[in-house]
Amino acid sequence: MTQEKNAILHIDHLQKRFGKFQALKNVTFDVYPGEVFGFIGPNGAGKSTTIRTLLGILRASGGTATLFGKDVYKDSVSIHKKLAYVPGDVYLWPNLTGGEIIDLFLKLGNTKHSARTDEMIKRFQLDTTKKARTYSKGNRQKVALVAAFSTDADFYIFDEPTSGLDPLNEEIFQKSVLELKEAGKAVLLSSHILSEVEKMCDRIGIIRDGVIVETGSLSDMRHLTRTVIQYQTINPTTELKDFKGVHNVTLETDGLTTFSVDSDQISPVMDYLSSKKIVSLQSTPPTLEDLFMRYYNSDEGR
Ligand SMILES: Nc1ncnc2c1ncn2[C@@H]1O[C@H](COP(=O)(O)OP(=O)(O)OP(=O)(O)O)[C@@H](O)[C@H]1O
Ligand SMILES: [Mg+2]
């Protein structure tokens, strides 16, 4: 497939065992240039383990993972020259100032403090003169984010980078990621903030118990779920409840009727409602959260 050739990150049946415990059973997905890929799943699903494997910190027990066409474990040194990474728990040297640590991170990544670094410090309004030991969690994250965003990498990995950021700084984070995307970079973003993922990511991979259970764009995934429709018609719609894919038909007190419909059955249902002369109609597409809960709460996704 030509598409696979273009992929910056290619993961195929990746597995990781810790002793008897199989943390990754089958992780398979690709990330392309100019794309923000959202990596989501419940606590302990295997997101950070996958990311640590990509960083060459852990060695896979099976399957393959390549970045820029190179093996993530064997070629990790050369891969790291084109990679930027921000973890959720940022560890900083307590006696160095934020500014010193940013410059140290940049040096370790073989780059230098640039105008872009100053721009990012200003954007996140980070006081770089303070010792790291005095920083709050959000400020520690900002230090790592400033260093990552001012690194000219081709692939950026963020593992829950906004868990300590306030809404204002989260917006700055989102804006900065979109700039990377516009510049044609690839981004892997693991996050529990679904609205953030919904807003920013082109494609999403859902991981559960070490297995990728779904990948695709949000609109691709929406076929799996139900749209909620609220309507009023002039003529009665008594047959609605008998339609295939229609659920939870409820008559509201204000004369409106609410029901949910499987996304692939919308068309015949709409034709039926039209024939009964629609007065008002509102449709609410499933959110990423709805999709998510489906995998979290039930066994359907297995
Ligand atoms: N070094 C390790 N030794 C043994 N088990 C581990 C190790 N690292 C991770 N695990 C286990 O592997 C599973 C996946 O953990 P991982 O940290 O990848 O989850 P996660 O998806 O990042 O979760 P969270 O959303 O909480 O960050 C967990 O059950 C975890 O306990
Ligand atoms: Mg994690």
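Counting from 1, residues in each chain are numbered in the order their sequence is written. Each chain takes a letter, starting from A, and each ligand takes a number, starting from 1, following the order in which they are written. Local features in this predicted model are restricted to residues of pLDDT 70 or higher, and side-chain atom pairs are both shown and tallied only at a pLDDT of 80 or more, whereas totals for entire chains, interfaces and linings draw on every residue. The basis for every side-chain value is the complete set of non-hydrogen atoms in the structure, without hydrogens or water.

As annotated in an unreviewed UniProt entry, the protein chain carries the name ABC superfamily ATP binding cassette transporter, ABC protein and comes from Companilactobacillus tucceti DSM 20183.

Engineer: What should I look at first to understand the pairing of strand β2 (residues 21-31) in this one?
Structural biologist: In the case of a regular strand, side chains alternate between the two sheet surfaces. For strand β1 (residues 9-18) and β2, the ladder comprises 7 bridges, and the chain directions are antiparallel. Pairing of Arg17 across the sheet is with Gln22, part of β2. Any two strands with at least two DSSP-identified bridges between them are counted as paired. A helix here means a DSSP run of H or I that spans at least four residues, while a strand means a run of E at least two residues long, and both kinds are numbered starting from the N terminus. Connecting β1 to the next strand, β2, in antiparallel fashion are 2 residues, including Gly19 with a positive phi near 60 degrees.

Engineer: Could you clarify how one ought to interpret the side chain of Glu35 in this entry?
Structural biologist: Tracing the backbone shows Glu35 in the loop between β2 and β3 (36-40). For the exposure calls, accessible area comes from a 1.4 Å probe over protein chains only, and a residue counts as buried if that area is under 20% of its type's maximum, exposed if over 50%, partly exposed in between. Glu35 gets classed as buried once you look at its relative accessible area, which sits at 8%. If near-sequence neighbours (up to four positions away) are discounted, Glu35 is found in contact with Asp30, Lys185, Ala186, Val187, Asp202 and Arg203. A contact between two residues is defined here by any heavy atoms of the two lying within 4.5 Å.

Engineer: Please explain the packing of helix α5 (residues 115-123) against helix α7 (residues 167-182) as it appears in this structure.
Structural biologist: For any two helices packed against each other, the geometry is given by the interaxial angle and the distance between the axes. Close contact between α5 and α7 brings their axes to 11 Å; oriented N to C, the two are set at 150 degrees. Put simply, α5 runs roughly antiparallel to α7. The handedness of the crossing between α5 and α7 is right-handed. Contacts between α5 and α7 involve Arg116, Met120 and Arg123 from the first element and Ile172, Lys175, Ser176 and Glu179 from the second. Taken together, the residues of the contact of α5 with α7 sort by class into 2 nonpolar, 1 polar and 4 charged. Here, axes are lines fitted to C-alpha atoms. For helices the fit covers the stretch in contact, and angles between N-to-C directions go from 0 to 180 degrees. Here is the rule for angles: anything less than 35 degrees is roughly parallel, anything more than 145 is roughly antiparallel, 65 through 115 is roughly perpendicular, and the remaining ranges are oblique. It is the rotation of the near helix from the far one that decides the hand of a crossing: anticlockwise by less than a right angle makes it left-handed, clockwise makes it right-handed. Three classes are used, and their members are as follows: Ala, Val, Leu, Ile, Met, Phe, Trp, Tyr, Cys and Pro are nonpolar, Asp, Glu, Lys and Arg are charged, and the others, Gly among them, are polar.

Engineer: Help me out: how do you make sense of the nonpolar core in this one?
Structural biologist: Generally speaking, a soluble globular protein has its nonpolar side chains buried in company with each other. In terms of nonpolar packing, the biggest core is built from 43 residues, with Phe149, Phe158, Phe173 and Ile204 touching the most fellow members. Of all the elements, helix α6 (residues 137-149) adds the most residues to this core, at 6 residues. Apart from residues lying up to four places away in sequence, Ile204 is in contact with Phe37, Gly38, Ile40, Val197, Glu214, Thr215, Gly216, Leu218, Met221 and Leu288. By size, the runner-up hydrophobic cluster in this structure holds 26 residues, among which are Leu24, Leu67, Phe155 and Ile157. We define the nonpolar core as a collection of buried residues of types Ala, Val, Leu, Ile, Met, Phe, Trp, Tyr and Cys that are connected through side-chain atoms lying within 4.5 Å of one another.

Engineer: I'm lost on the packing of helix α4 (residues 98-108) against α6 in this one. Help?
Structural biologist: Orientation of α4 relative to α6, taken along the N-to-C sense of each, is 40 degrees, at an axis distance of 9 Å. It follows that α4 is oblique to α6 by the angle criterion. Seen along the crossing, α4 lies across α6 with a hand that is right-handed. Two secondary-structure elements touch here, α4 through Gly98, Ile101, Ile102, Phe105 and Leu106 and α6 through Val143, Ala144, Val146 and Ala147.

Engineer: Help me understand the site of ligand 1, please; the structure alone is not making it clear to me.
Structural biologist: Ligand 1 sits among 13 residues. The nearest are Gly44, Gly46, Lys47, Ser48 and Thr49. Between ligand 1 and Glu160, the relevant distance is 3.3 Å, taken from an oxygen atom to a side-chain nitrogen or oxygen of the residue. His192 places a side-chain nitrogen or oxygen 3.3 Å from an oxygen atom of ligand 1. To be clear on the numbers: accessible area is Shrake-Rupley with a 1.4 Å probe, and residue cover counts the displayed protein chains and nothing else. A total of 640 Å² of accessible area belongs to ligand 1 in isolation, and the protein chains cover 62% of it. At 3 residues, helix α2 (residues 47-54) tops the list of elements feeding residues into the shell around ligand 1. Of the residues assigned to the shell around ligand 1, the class counts are 5 nonpolar, 6 polar and 2 charged. We call a residue near a molecule or strand whenever a single non-hydrogen atom of that residue lies within 4 Å of it. Two N or O atoms form a polar contact when they lie within 3.5 Å of each other; inside protein one atom must be a possible hydrogen donor and the other a possible acceptor, and for residues adjacent in sequence the pair counts only when both atoms belong to side chains.

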